[in-house]
Amino acid sequence: MTPQEIENLAHLRRARDLIDRDYAKPLDVPTMAAKALMSPAHFSRQFRAAYGETPYSHLMTRRIERAMALLRAGMTVTDACMAVGCTSLGSFSSRFAEIIGITPSAYRAREHDAVKAMPACVAKSHTRPARQASSRIEEVRTIAAA
Amino acid sequence: MTIALQFTNVTVTDVDESIAFYRDALGLEVQNDVKSGDHRWVTLGTSAQPGLGIVLSDPYAGRSQADGDAMQEMLTKGVLPMLVFNTDDLDATFETVRASGAEVLQEPIDTGWGQRDCAFRDPSGNMVRIAQAPAA
(Lines give C-alpha, C1' and ligand atoms only; values in the text may rest on other atoms or scores of the structure.)
Protein backbone atom coordinates (compact mmCIF):
# COMPACT_ATOMS: atom_id res chain seq x y z
CA MET A 1 0.00 0.00 0.00
CA THR A 2 1.22 3.52 -0.78
CA PRO A 3 1.48 6.15 1.97
CA GLN A 4 -1.37 8.01 0.22
CA GLU A 5 -3.63 4.92 0.34
CA ILE A 6 -2.84 4.46 4.02
CA GLU A 7 -3.59 8.12 4.70
CA ASN A 8 -6.95 7.90 2.91
CA LEU A 9 -7.95 4.78 4.87
CA ALA A 10 -6.97 6.52 8.12
CA HIS A 11 -9.28 9.44 7.18
CA LEU A 12 -12.11 6.98 6.58
CA ARG A 13 -11.42 5.33 9.93
CA ARG A 14 -11.66 8.71 11.69
CA ALA A 15 -15.03 9.31 10.06
CA ARG A 16 -16.18 5.85 11.13
CA ASP A 17 -15.01 6.53 14.69
CA LEU A 18 -16.98 9.79 14.58
CA ILE A 19 -20.13 7.87 13.61
CA ASP A 20 -19.56 5.29 16.35
CA ARG A 21 -19.04 8.05 18.91
CA ASP A 22 -21.62 10.64 17.86
CA TYR A 23 -24.37 8.33 16.56
CA ALA A 24 -26.95 9.93 18.87
CA LYS A 25 -26.35 13.40 17.42
CA PRO A 26 -27.97 14.58 14.19
CA LEU A 27 -25.08 13.42 11.98
CA ASP A 28 -25.29 13.90 8.23
CA VAL A 29 -23.05 12.66 5.45
CA PRO A 30 -21.43 16.10 4.77
CA THR A 31 -20.34 16.24 8.45
CA MET A 32 -18.87 12.74 8.24
CA ALA A 33 -17.19 13.57 4.91
CA ALA A 34 -15.61 16.69 6.42
CA LYS A 35 -14.02 14.51 9.11
CA ALA A 36 -12.51 12.39 6.32
CA LEU A 37 -11.39 15.53 4.41
CA MET A 38 -13.35 14.36 1.33
CA SER A 39 -16.32 15.53 -0.71
CA PRO A 40 -19.56 13.79 0.35
CA ALA A 41 -19.92 11.75 -2.87
CA HIS A 42 -16.27 10.65 -2.93
CA PHE A 43 -16.43 9.89 0.81
CA SER A 44 -19.51 7.68 0.44
CA ARG A 45 -17.92 5.67 -2.37
CA GLN A 46 -14.61 5.28 -0.54
CA PHE A 47 -16.30 4.38 2.75
CA ARG A 48 -18.38 1.72 1.07
CA ALA A 49 -15.34 0.28 -0.69
CA ALA A 50 -13.48 0.06 2.63
CA TYR A 51 -16.20 -1.07 5.03
CA GLY A 52 -18.77 -2.76 2.80
CA GLU A 53 -21.65 -0.41 3.56
CA THR A 54 -22.44 3.26 3.04
CA PRO A 55 -21.74 5.77 5.82
CA TYR A 56 -25.47 6.30 6.37
CA SER A 57 -26.02 2.55 6.59
CA HIS A 58 -23.19 2.28 9.12
CA LEU A 59 -24.78 5.07 11.18
CA MET A 60 -28.15 3.29 11.17
CA THR A 61 -26.68 -0.11 12.09
CA ARG A 62 -24.79 1.60 14.92
CA ARG A 63 -27.98 3.28 16.13
CA ILE A 64 -29.93 0.04 15.96
CA GLU A 65 -27.18 -1.85 17.79
CA ARG A 66 -27.36 0.75 20.60
CA ALA A 67 -31.17 0.66 20.54
CA MET A 68 -31.02 -3.14 20.94
CA ALA A 69 -28.96 -2.66 24.14
CA LEU A 70 -31.48 -0.13 25.47
CA LEU A 71 -34.42 -2.39 24.59
CA ARG A 72 -32.72 -5.31 26.35
CA ALA A 73 -32.46 -3.09 29.43
CA GLY A 74 -36.22 -2.52 29.27
CA MET A 75 -36.45 0.96 27.71
CA THR A 76 -39.60 1.66 25.68
CA VAL A 77 -39.33 1.54 21.89
CA THR A 78 -40.11 5.26 21.53
CA ASP A 79 -37.50 6.27 24.13
CA ALA A 80 -34.88 3.96 22.61
CA CYS A 81 -35.55 5.39 19.15
CA MET A 82 -35.05 8.98 20.35
CA ALA A 83 -32.07 8.07 22.56
CA VAL A 84 -30.04 6.78 19.60
CA GLY A 85 -30.65 9.85 17.46
CA CYS A 86 -33.54 8.65 15.26
CA THR A 87 -36.29 11.25 14.97
CA SER A 88 -38.94 9.17 13.19
CA LEU A 89 -40.37 6.17 15.02
CA GLY A 90 -41.75 4.78 11.76
CA SER A 91 -38.48 4.75 9.86
CA PHE A 92 -36.60 3.52 12.95
CA SER A 93 -38.99 0.57 13.33
CA SER A 94 -38.94 -0.37 9.68
CA ARG A 95 -35.12 -0.14 9.51
CA PHE A 96 -34.89 -2.20 12.72
CA ALA A 97 -37.20 -4.90 11.34
CA GLU A 98 -35.37 -4.91 8.00
CA ILE A 99 -31.99 -5.53 9.64
CA ILE A 100 -32.91 -7.65 12.68
CA GLY A 101 -35.86 -9.53 11.22
CA ILE A 102 -38.31 -8.69 14.00
CA THR A 103 -39.93 -5.47 15.22
CA PRO A 104 -38.34 -3.47 18.08
CA SER A 105 -41.23 -4.34 20.40
CA ALA A 106 -40.90 -8.06 19.63
CA TYR A 107 -37.15 -7.81 20.24
CA ARG A 108 -37.75 -6.01 23.54
CA ALA A 109 -40.09 -8.81 24.72
CA ARG A 110 -37.62 -11.58 23.86
CA GLU A 111 -35.23 -13.36 26.29
CA HIS A 112 -31.69 -11.90 26.36
CA ASP A 113 -29.84 -14.23 28.74
CA ALA A 114 -26.75 -14.84 26.59
CA VAL A 115 -26.12 -11.16 25.88
CA LYS A 116 -26.50 -10.25 29.58
CA ALA A 117 -23.62 -12.56 30.39
CA MET A 118 -21.23 -10.69 28.06
CA PRO A 119 -19.29 -7.51 28.88
CA ALA A 120 -20.84 -4.62 26.99
CA CYS A 121 -17.83 -4.13 24.70
CA VAL A 122 -18.14 -7.75 23.56
CA ALA A 123 -21.91 -7.55 23.23
CA LYS A 124 -21.43 -4.45 21.10
CA SER A 125 -19.55 -6.34 18.41
CA HIS A 126 -21.41 -9.65 18.78
CA THR A 127 -24.85 -8.13 18.55
CA ARG A 128 -23.93 -5.64 15.84
CA PRO A 129 -26.36 -6.27 13.03
CA ALA A 130 -24.82 -7.11 9.68
CA ARG A 131 -26.35 -6.79 6.27
CA GLN A 132 -25.73 -9.53 3.75
CA ALA A 133 -22.72 -7.98 2.07
CA SER A 134 -20.27 -9.27 -0.48
CA SER A 135 -17.52 -11.52 0.87
CA ARG A 136 -14.20 -12.18 -0.83
CA ILE A 137 -14.19 -15.76 0.46
CA GLU A 138 -17.72 -16.38 -0.85
CA GLU A 139 -16.76 -14.87 -4.21
CA VAL A 140 -13.86 -17.29 -4.49
CA ARG A 141 -16.16 -20.22 -3.60
CA THR A 142 -18.69 -19.13 -6.19
CA ILE A 143 -16.04 -18.86 -8.87
CA ALA A 144 -14.56 -22.22 -7.87
CA ALA A 145 -17.97 -23.90 -8.00
CA ALA A 146 -18.78 -22.51 -11.45
CA MET B 1 1.69 -26.90 36.17
CA THR B 2 1.34 -23.19 35.41
CA ILE B 3 0.76 -21.18 32.28
CA ALA B 4 1.16 -17.45 31.68
CA LEU B 5 1.19 -15.06 28.72
CA GLN B 6 4.80 -14.22 27.81
CA PHE B 7 4.60 -12.29 24.52
CA THR B 8 1.81 -10.65 22.60
CA ASN B 9 2.22 -9.00 19.19
CA VAL B 10 0.88 -5.65 18.09
CA THR B 11 1.05 -4.76 14.41
CA VAL B 12 1.86 -1.10 13.74
CA THR B 13 2.48 0.92 10.58
CA ASP B 14 5.58 2.69 11.86
CA VAL B 15 7.49 1.27 14.82
CA ASP B 16 9.20 4.56 15.76
CA GLU B 17 5.94 6.50 15.76
CA SER B 18 4.38 3.76 17.89
CA ILE B 19 7.15 3.83 20.48
CA ALA B 20 6.17 7.43 21.20
CA PHE B 21 2.67 6.18 22.02
CA TYR B 22 3.42 2.97 23.92
CA ARG B 23 6.51 4.21 25.77
CA ASP B 24 6.08 7.97 26.17
CA ALA B 25 2.29 8.19 26.49
CA LEU B 26 1.34 4.84 28.07
CA GLY B 27 4.53 4.57 30.11
CA LEU B 28 5.78 1.14 29.02
CA GLU B 29 9.54 0.46 28.99
CA VAL B 30 11.45 -0.67 25.90
CA GLN B 31 13.04 -4.02 26.77
CA ASN B 32 14.42 -5.14 23.43
CA ASP B 33 14.92 -3.78 19.93
CA VAL B 34 15.76 -6.26 17.18
CA LYS B 35 16.44 -5.34 13.56
CA SER B 36 16.37 -7.75 10.65
CA GLY B 37 16.60 -6.39 7.12
CA ASP B 38 13.99 -3.67 6.68
CA HIS B 39 12.02 -4.77 9.73
CA ARG B 40 12.20 -4.22 13.44
CA TRP B 41 10.71 -5.92 16.50
CA VAL B 42 10.53 -3.74 19.61
CA THR B 43 9.50 -5.37 22.89
CA LEU B 44 7.91 -3.25 25.61
CA GLY B 45 6.85 -4.18 29.10
CA THR B 46 5.84 -2.84 32.48
CA SER B 47 7.10 -3.45 36.01
CA ALA B 48 3.44 -3.89 36.96
CA GLN B 49 3.49 -7.16 35.00
CA PRO B 50 7.04 -8.50 34.79
CA GLY B 51 7.49 -11.29 32.29
CA LEU B 52 4.99 -10.02 29.73
CA GLY B 53 6.43 -8.56 26.50
CA ILE B 54 4.38 -6.54 24.02
CA VAL B 55 6.12 -6.81 20.66
CA LEU B 56 5.62 -4.09 18.03
CA SER B 57 6.32 -4.91 14.39
CA ASP B 58 5.14 -3.68 10.98
CA PRO B 59 2.58 -5.51 8.83
CA TYR B 60 5.19 -6.76 6.35
CA ALA B 61 7.56 -8.19 8.97
CA GLY B 62 7.76 -11.92 8.26
CA ARG B 63 4.88 -11.82 5.75
CA SER B 64 4.45 -11.89 2.00
CA GLN B 65 3.63 -8.65 0.20
CA ALA B 66 0.01 -9.78 -0.26
CA ASP B 67 -0.45 -10.78 3.38
CA GLY B 68 1.28 -7.60 4.52
CA ASP B 69 -1.05 -5.53 2.33
CA ALA B 70 -4.10 -7.28 3.81
CA MET B 71 -2.80 -6.76 7.35
CA GLN B 72 -1.94 -3.12 6.64
CA GLU B 73 -5.42 -2.48 5.28
CA MET B 74 -7.19 -3.99 8.29
CA LEU B 75 -4.84 -2.20 10.67
CA THR B 76 -5.46 1.21 9.11
CA LYS B 77 -9.21 0.60 8.87
CA GLY B 78 -9.20 0.04 12.62
CA VAL B 79 -10.71 -3.44 12.53
CA LEU B 80 -7.93 -5.52 14.14
CA PRO B 81 -8.62 -6.78 17.69
CA MET B 82 -8.32 -4.26 20.50
CA LEU B 83 -5.72 -4.18 23.25
CA VAL B 84 -6.97 -3.64 26.83
CA PHE B 85 -4.75 -2.28 29.62
CA ASN B 86 -5.61 -1.38 33.16
CA THR B 87 -4.23 1.28 35.48
CA ASP B 88 -4.59 2.20 39.14
CA ASP B 89 -5.38 5.82 38.14
CA LEU B 90 -7.56 5.99 35.05
CA ASP B 91 -8.13 9.75 35.03
CA ALA B 92 -4.42 10.56 35.29
CA THR B 93 -3.54 7.99 32.60
CA PHE B 94 -6.26 9.33 30.33
CA GLU B 95 -4.96 12.92 30.68
CA THR B 96 -1.37 11.83 29.98
CA VAL B 97 -2.31 9.89 26.87
CA ARG B 98 -4.62 12.64 25.61
CA ALA B 99 -1.90 15.26 26.18
CA SER B 100 0.39 13.20 23.93
CA GLY B 101 -1.96 13.96 21.04
CA ALA B 102 -3.45 10.47 20.69
CA GLU B 103 -6.89 10.16 19.04
CA VAL B 104 -9.51 9.88 21.78
CA LEU B 105 -12.30 7.38 21.10
CA GLN B 106 -13.95 7.61 24.49
CA GLU B 107 -13.38 9.69 27.63
CA PRO B 108 -13.46 7.78 30.94
CA ILE B 109 -17.00 6.58 31.61
CA ASP B 110 -18.67 4.07 33.90
CA THR B 111 -19.70 1.16 31.74
CA GLY B 112 -22.92 -0.70 32.36
CA TRP B 113 -21.21 -3.71 33.93
CA GLY B 114 -19.40 -1.94 36.75
CA GLN B 115 -16.13 -1.02 35.04
CA ARG B 116 -14.77 2.43 34.28
CA ASP B 117 -12.71 2.78 31.10
CA CYS B 118 -11.58 5.00 28.23
CA ALA B 119 -10.38 4.30 24.68
CA PHE B 120 -7.84 5.63 22.17
CA ARG B 121 -6.50 4.80 18.73
CA ASP B 122 -2.77 4.18 18.64
CA PRO B 123 -0.99 6.04 15.80
CA SER B 124 -1.63 3.12 13.39
CA GLY B 125 -5.32 2.62 14.14
CA ASN B 126 -5.33 -0.11 16.80
CA MET B 127 -8.01 0.37 19.45
CA VAL B 128 -6.40 0.66 22.88
CA ARG B 129 -8.77 0.57 25.84
CA ILE B 130 -7.65 1.45 29.35
CA ALA B 131 -9.68 0.34 32.36
CA GLN B 132 -9.56 1.34 36.00
CA ALA B 133 -7.96 -1.56 37.88
CA PRO B 134 -10.14 -3.03 40.63
CA ALA B 135 -9.21 -1.68 44.09
CA ALA B 136 -6.64 -3.95 45.73
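The preceding data block contains the structure.
The rules behind these values
Residues numbered from 1 in each chain as written. Chains lettered and ligands numbered in written order. Predicted model: local features only at pLDDT ≥ 70, side-chain atom pairs only at ≥ 80, totals over all residues. Heavy atoms only, no water. Buried < 20%, exposed > 50% of the residue type's maximum accessible area, 1.4 Å probe, protein only. Helix = DSSP H or I, 4+ residues; strand = E, 2+ residues; numbered from the N terminus. Pairing = 2+ DSSP bridges. Salt bridge = Lys/Arg side-chain N within 4 Å of Asp/Glu carboxyl O. Contact = heavy atoms within 4.5 Å. Polar contact = N/O pair within 3.5 Å; in protein donor to acceptor, adjacent residues only side chain to side chain. Nonpolar A, V, L, I, M, F, W, Y, C, P; charged D, E, K, R; others polar. Axes fitted to C-alpha atoms, helices over the stretch in contact; angles between N-to-C directions.

Undergrad: I'd love a proper account of the pairing of strand S8 (residues 127-132) of chain B, names of residues and values included.
TA: All names here are of chain B. Taking burial as the measure, the 6 residues of S8 include 5 buried ones, the bulk of the element. Pairing analysis gives 5 bridges linking strand S5 (residues 83-87) to S8, with the strands arranged parallel. Along S8, the bridge assignment pairs asparagine 86 with alanine 131. Strand direction decides the pairing type here: strand S7 (residues 116-121) and S8, joined by 5 bridges, are antiparallel. Among the inter-strand pairings, alanine 119 is bridged to a residue of S8, identified as arginine 129. Between S7 and S8, which pair antiparallel in sequence order, lie 5 residues; one of them, glycine 125, sits at a positive phi of approximately 120°.

Undergrad: Can you lay out the pattern of salt bridges for me, pointing to particular residues and giving the numbers?
TA: The full count for this structure, using the stated rule, is 14 salt bridges over all chains. Among the ionic pairs, A:Glu65 bridges to A:Arg62, the shortest N-O distance being 3.0 Å. Highlighted residues: A:Glu65 and A:Arg62, both in helix H4 (residues 55-72), separated by 3 residues, approximately one helical turn. For B:Asp91, the salt bridge is made with B:Arg116, and the minimal N-O distance between the two is 2.9 Å. You can see B:Asp91 sitting in helix H3 (residues 90-99) and its partner B:Arg116 sitting in strand S7, a full 25 residues away along the chain.

Undergrad: Account for the interface of chain A and chain B, with residues named and values stated.
TA: Each partner contributes to the interface: chain A provides 15 residues, whereas chain B provides 20 residues. Applying the counting rule to chain A against chain B returns 4 salt bridges. In this structure, B:Glu103 and A:Arg14 form a salt bridge, with 2.8 Å as the shortest nitrogen-oxygen distance. Taken together, the links from chain A to chain B amount to 12 residue pairs in polar contact (both at pLDDT 80 or more). Secondary structure elements with two or more residues in the side of chain A that touches chain B: helix H1 (3-22), helix H3 (40-51) and helix H9 (120-126) of chain A. When the residues that make up the side of chain A that touches chain B are grouped by side-chain class, the tally is 9 nonpolar, no polar and 6 charged.

Undergrad: Lay out the side chain of A:Asp17 in plain terms, naming residues and giving numbers.
TA: Tracing the chain through its elements places A:Asp17 in helix H1. Exposure remark for A:Asp17: the relative accessible area of 9% places this residue in the buried category. In terms of polar contacts, A:Asp17 uses its side chain to reach the side chain of B:Arg121, at 2.7 Å. Look past the residues within four positions of A:Asp17 in its chain and what remains in contact with it is B:Glu103, B:Leu105 and B:Arg121.

Undergrad: Residue-level account of the sheet that holds S8(B), with values.
TA: All names here are of chain B. Here we have 4 strands laid out as an open sheet, ordered S5-S8-S7-S6, and mixed in their pairing. Edge positions in the open sheet fall to S5 and strand S6 (103-110), since each of these has one partner strand only. Taken over all neighbouring pairs, the strand axes of this sheet differ in orientation by 15° on average, direction set aside. Across the sheet, H3 touches S5, S6, S7 and S8, and the angle it forms with S7 is around 15°.

Undergrad: If you had to explain the packing of H1(A) against helix H2 (residues 65-77) of chain B to someone new, which residues and values would you point to?
TA: The interhelical angle for the contact between H1(A) and H2(B), taken along N-to-C directions, is 35°, at an axis separation of 8 Å. Where H1(A) approaches H2(B), its residues A:Ile6, A:Leu9, A:Ala10, A:Arg13 and A:Arg16 are matched on the opposing element by B:Gln72, B:Glu73, B:Thr76 and B:Lys77. Partitioning the contact of H1(A) with H2(B) into residue classes produces 3 nonpolar, 2 polar and 4 charged.

Undergrad: So what's going on with the sheet that holds strand S2 (residues 29-36) of chain B? Which residues, and what values?
TA: Strand pairs in the sheet, formed through backbone hydrogen bonds, run parallel or antiparallel to each other. Residues and elements named next belong to chain B. Strand order across the open sheet formed by 4 strands is S1-S4-S3-S2, with mixed pairing between neighbours. Looking at strand neighbours, the two that pair on one side only are strand S1 (7-11) and S2, the edges of this open sheet. Direction aside, the axes of adjacent strands within the sheet are offset by 25° on average. In terms of strand pairing, S2 meets strand S3 (residues 39-45) through 7 bridges, oriented antiparallel. Within S3, the residue paired with valine 34 across the bridge is tryptophan 41.

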